[in-house]
Number of protein chains: 2
Amino acid sequence: MLTKSEQRDDIVAIMAGIGRKARAAARPLANAPTALKNKALAAMADAIVRDEAAILEANAIDLANGEEAGLTPAMMDRLKLDAGRIKAIVAGIREIAGLQDPVGDVIAEWDRPNGLKIERVRTPLGVIGVIYESRPNVTADAGALCFKAGNPVILRAGSDSANSSAAIHACMVEGLKSVGLPEASIQLVPVTDRAAVGEMLKGLDGNLDVIVPRGGKSLVARVQSEARVPVFAHLEGICHLYIDRSADLDMAVKIAVNAKMRRTGICGAAETLLVDRAVAKTHLAPILDALAKAGCAIRASEEARALWPAAEQATDADWTTEYLDAIISVALVDGVGGAIDHIETYSSHHTEAIVADDPAAVERFFAEIDSAILLHNASTQFADGGEFGMGAEIGIATGKMHARGPVGVEQLTSFKYRVRGTGQVRA
Amino acid sequence: MLTKSEQRDDIVAIMAGIGRKARAAARPLANAPTALKNKALAAMADAIVRDEAAILEANAIDLANGEEAGLTPAMMDRLKLDAGRIKAIVAGIREIAGLQDPVGDVIAEWDRPNGLKIERVRTPLGVIGVIYESRPNVTADAGALCFKAGNPVILRAGSDSANSSAAIHACMVEGLKSVGLPEASIQLVPVTDRAAVGEMLKGLDGNLDVIVPRGGKSLVARVQSEARVPVFAHLEGICHLYIDRSADLDMAVKIAVNAKMRRTGICGAAETLLVDRAVAKTHLAPILDALAKAGCAIRASEEARALWPAAEQATDADWTTEYLDAIISVALVDGVGGAIDHIETYSSHHTEAIVADDPAAVERFFAEIDSAILLHNASTQFADGGEFGMGAEIGIATGKMHARGPVGVEQLTSFKYRVRGTGQVRA
């Protein structure tokens, strides 16, 4: 048996090898024609359809292990695969095959007075590491999306889903092999030890260019604080909905209920409702009545409670809490300026919405709030790559470097300049 | 007198305070109208014109200190200001005032089937740290460029240029104050101890978003290896010029001499010449004759020396050396495929050029080489933000995250989404 330190050396060596293989795959993958990549994606989807029984068997092992390990019902649900979920995985891969290939897209072009013609063209971004927890579908979703953009990907599944992820990954590799692209284009880390994650966070000797964590807050927090490479992620979505004095009340009610209650567990769900003091007397109660009727608990500032006494008292902690549950915090503010001040103080800079008819209030809200997504007269729950028309997304980023908002196939690219001359030299 | 550890605590506290002040300036600066920023820039330029004598006096102190410290002639030259250089600084600030303000630019817009109108809009990027060495003009150039894009900047000048930089910085602050913008929009680190740099590399408690090193290779290497925040930089420019079998010989000669010899000390200067074996017998000698005549030393592979025996023998180290001098390494390759292999093996991914008439060779060179800038029938010395029509640049980046190639005012921005609805809720 290996000693702990030998195991540790092993993991370092294995992860370094994975990094080198990923880097070596970058050039053939970057040069792969769109049709070849799409053919590989189709073969991946076909293999998953064919191997459904084997994938479900692998998943049954993970579920049995999870039961024994005492996973929570929520974790067991995330882990579980069934025919419907496998169908969704296959549909997801086929959707990615149908997306426009961003590599080679000319995103800007201009001519210089000396006759040089300059183009800015999309290129793959580099080797992408995806670190996720119990959802085995990420193996296919993230693997296919990174691949479509020409990026080698290193997938590190949680140990809970090791068998399910390995079964799906085998189908992805089969698709790669069927068209002669490097198997290392999509690698699954074969080590469940958490030290493997540590190696990825260190950047695999420069062979990992960006990390995307997919999972709960503690995973994202660890990755954000320890990673030595850039991270595309959001730690939390403390999203605000502001009801301006110029708001249409019916619309405000409808949007508030949808923004909070359509799905409470997603990052774009509203967590704080801000109501303009100027209309609090008329607007607050109908909105809170509707939320309460929909099953939402209300935690309000003292001033708001005076107008709607059934609310619990909010504490300072409520303004910075992402409930991901049927709970909303409520405060009154002095118009759009007060809303901006509250949001700039407490927001996680993910998504904020304003309901208003006054264009000046909307433009100020749009100009002065520094969040990834701002919406006017629409629900915060539209914060989603699919809803933005980007197709599949690997997540939503709140950082301001490179990718911000939904991270789709275009956000997984970089660019280079192509300059065409006729013999120009510099004076 | 303070003990070493008290001094160290002091520096940590000073730098943390600088970070906090920069972050606090971000919001007013992001919301500053273009006209106000341009008025501040004009006032900065005017203050420098007015204070020319004081700036030259401060520079004389730096020069005297430098003389005493035994700075090299090259360092002394970089440090030195005179009327002409101050004129250039002033012209640079005025040019930046004339650039289009990128903040608020709509860079993409589209409508969704449900009626939502989505816009992607440029925003400032965040707090930028600029770490530089002896050139005092960076204080004005980098300060003004970051400011134009709405970003607070923390400038850390080398101790050699401390007095000159402080004198220029005072003029920048005067411009800020004249329009009521926060003085902390452009801060100069008042500590010459290198520990201040260490604090910046750690990211100032999350208050520094990106670092731009401006200086020699050892500074860039230290920043790249130690920074915990993103870095926009290039470590070196090992730029290649490839002469294809389809090249026009006269054009090849002209471009080779310009790419290598116009200025040998800039990052876009060619360091390696690759010649297609198919035309080596006819093309190599005229090109090397012209380079030698222009004063360039030639270090060639054995095979190339057989055709041009006056060359020195190149060693393996030559393929990875940025000479920044009148020296060029020369190798023969098998057509464009051989050139691509050589470049992908040895390049620093900065800038590469091909001289060719065959469109297939050009397209392959453009598609398969992963460098920031690729040129066809033009000199590598065009690798420059000004030559690209971007106006001023803060440097050239070879990384693939966020900024790549010349880093101008647009590359110093991020973006956010503005979504306009009419009451849409998500199904």
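Everything quoted here is computed from the prediction, not taken from an experiment. (Residues numbered from 1 in each chain as written. Chains lettered and ligands numbered in written order. Predicted model: local features only at pLDDT ≥ 70, side-chain atom pairs only at ≥ 80, totals over all residues.)

Here we take up the relation of the copies chain B and chain A. Each copy of the chain is related to the other by a rotation around an axis and a translation along that axis. With an RMSD of 0.0 Å, chain B superimposes on chain A once it is rotated by 180° and translated 0.0 Å along the axis. Taken together, the rotation angle and the small translation identify this as a two-fold axis. In terms of proximity to the rotation axis, the leading residue of chain B is His402(B), whose C-alpha is 2.0 Å off the axis. (Least-squares fit on C-alpha atoms with pLDDT ≥ 70 in both.)

Time to look at the interface of chain B and chain A. The interface is formed by 54 residues belonging to chain B together with 55 residues belonging to chain A. Breaking the side of chain B that touches chain A down by element, the ones donating at least two residues are α1 (4-30), β2 (117-124), α10 (249-261), α14 (359-368), β13 (373-378) and β16 (413-424) of chain B. When residues in the side of chain B that touches chain A are grouped by element, the largest group, 11 residues, is from β16(B). Bridging between strand β13 (residues 373-378) of chain A and β16(B) involves 5 bridges; their strand directions are parallel. Bridging across to β16(B), His376(A) finds its partner in Arg420(B). (Contact = placed C-beta atoms within 7 Å. Helix = DSSP H or I, 4+ residues; strand = E, 2+ residues; numbered from the N terminus. Pairing = 2+ DSSP bridges.)

Glancing now at the sheet that holds strand β12 (residues 351-355) of chain A. Taken in spatial order, the 10 strands line up as β10(A)-β9(A)-β11(A)-β8(A)-β7(A)-β12(A)-β13(A)-β16(B)-β2(B)-β1(B) in an open sheet, and their pairing is mixed. Each of the sheet's edge strands pairs with one partner strand only, and the pair in question is β10 (312-313) of chain A together with β1 (106-111) of chain B. As judged from the 5 bridges shared by strand β8 (residues 270-276) of chain A and strand β11 (residues 327-333) of chain A, these two strands associate in the parallel manner. Residue pairing for β11(A): Asp276(A) is matched across the bridge by Val333(A). Against the sheet, helix α11 (residues 280-293) of chain A touches β7 (239-243), β8, β9 (297-300) and β11 of chain A, its axis set at about 155° to β8(A). (Axes fitted to C-alpha atoms, helices over the stretch in contact; angles between N-to-C directions.)

With that out of the way, let us pick up the sheet that holds strand β5 (residues 186-188) of chain B. Residues and elements named next belong to chain B. Pairing is parallel in the open sheet, where 4 strands are placed in the order β5-β4-β3-β6. Edge positions in the open sheet fall to β5 and β6 (210-214), since each of these has one partner strand only. Averaged over all neighbouring strand pairs, the angle between strand axes comes to 20°, with direction disregarded. Sheet contacts for helix α8 (residues 195-202): β3 (128-132), β4 (153-156) and β6; angle to β4, the most-contacted strand, approximately 150°. Its contacts with the sheet place helix α9 (residues 217-226) against β3 and β6, and it is angled at close to 165° to β6.

All names here are of chain B. With respect to the helices, strands and loops of the structure, threonine 398 is situated in the loop between β14 (396-397) and β15 (405-406). Distance from threonine 398 to alanine 196, taken between C-alpha atoms, is 26 Å for residues 202 residues apart in sequence. With near-sequence residues (within four places) excluded, threonine 398 lies in contact with His234, Ser348, His349, His350 and Ala372.

What follows concerns the domain arrangement of chain A. Segmenting chain A into domains produces domain 1 (4-232 + 407-417) and domain 2 (239-387). Using only C-alpha atoms to locate each centre, domain 1 of chain A and domain 2 of chain A end up separated by 36 Å. (Domains from an automatic or database assignment.)

Another point: unusual backbone geometry. Non-glycine residue Asn377(A) carries a positive phi angle of around 50°. One can find Asn377(A) in strand β13. Even without being a glycine, Leu324(B) presents a positive backbone phi close to 50°. The exposure class of Leu324(B) is partly exposed, given the 17 C-beta atoms found within 10 Å. (Buried ≥ 20, exposed ≤ 12 C-beta atoms within 10 Å, placed from the backbone.)

All names here are of chain A. By the element assignment, leucine 412 lies in the loop between β15 (405-406) and β16 (413-424). On the basis of neighbour count, leucine 412 is assigned to the buried category, with 29 C-beta atoms found within 10 Å. Residues leucine 412 and leucine 125 lie 287 residues apart in sequence; the distance between their C-alpha atoms is 5.8 Å. Residues in contact with leucine 412, not counting those within four places in the same chain, are Leu125, Ile128, Leu145, Cys146, Ala149, Asn151 and Val407.

Let us now look at the packing of helix α3 (residues 52-69) of chain B against helix α7 (residues 162-178) of chain B. Residue and element names in this part refer to chain B. Running from N to C, α3 and α7 cross one another at 160°; their axes reach a closest spacing of 7 Å. Between α3 and α7, the crossing angle belongs to the class labelled roughly antiparallel. Both α3 and α7 take part in a crossing whose hand is right-handed. Two secondary-structure elements touch here, α3 through Ala54, Ile55, Ala58, Asn59, Ile61 and Asp62 and α7 through Ala162, Asn163, Ser164, Ala166, Ala167 and Ile168. For the contact of α3 with α7, the residue count by class is 8 nonpolar, 3 polar and 1 charged. (Parallel < 35°, antiparallel > 145°, perpendicular 65-115°, else oblique. Left-handed = near helix turned anticlockwise from the far one by under 90°. Nonpolar A, V, L, I, M, F, W, Y, C, P; charged D, E, K, R; others polar.)

Residue and element names in this part refer to chain B. Across the 5 residues of β3, 5 count as buried, placing the element largely inside the fold. Here β3 shows two buried faces, one formed by Ile128, Val130 and Tyr132 and the other by Gly129 and Ile131. Bridge analysis of β3 against β6 gives 5 bridges, and the strand direction is parallel. Pairing of isoleucine 131 across the sheet is with proline 213, part of β6.

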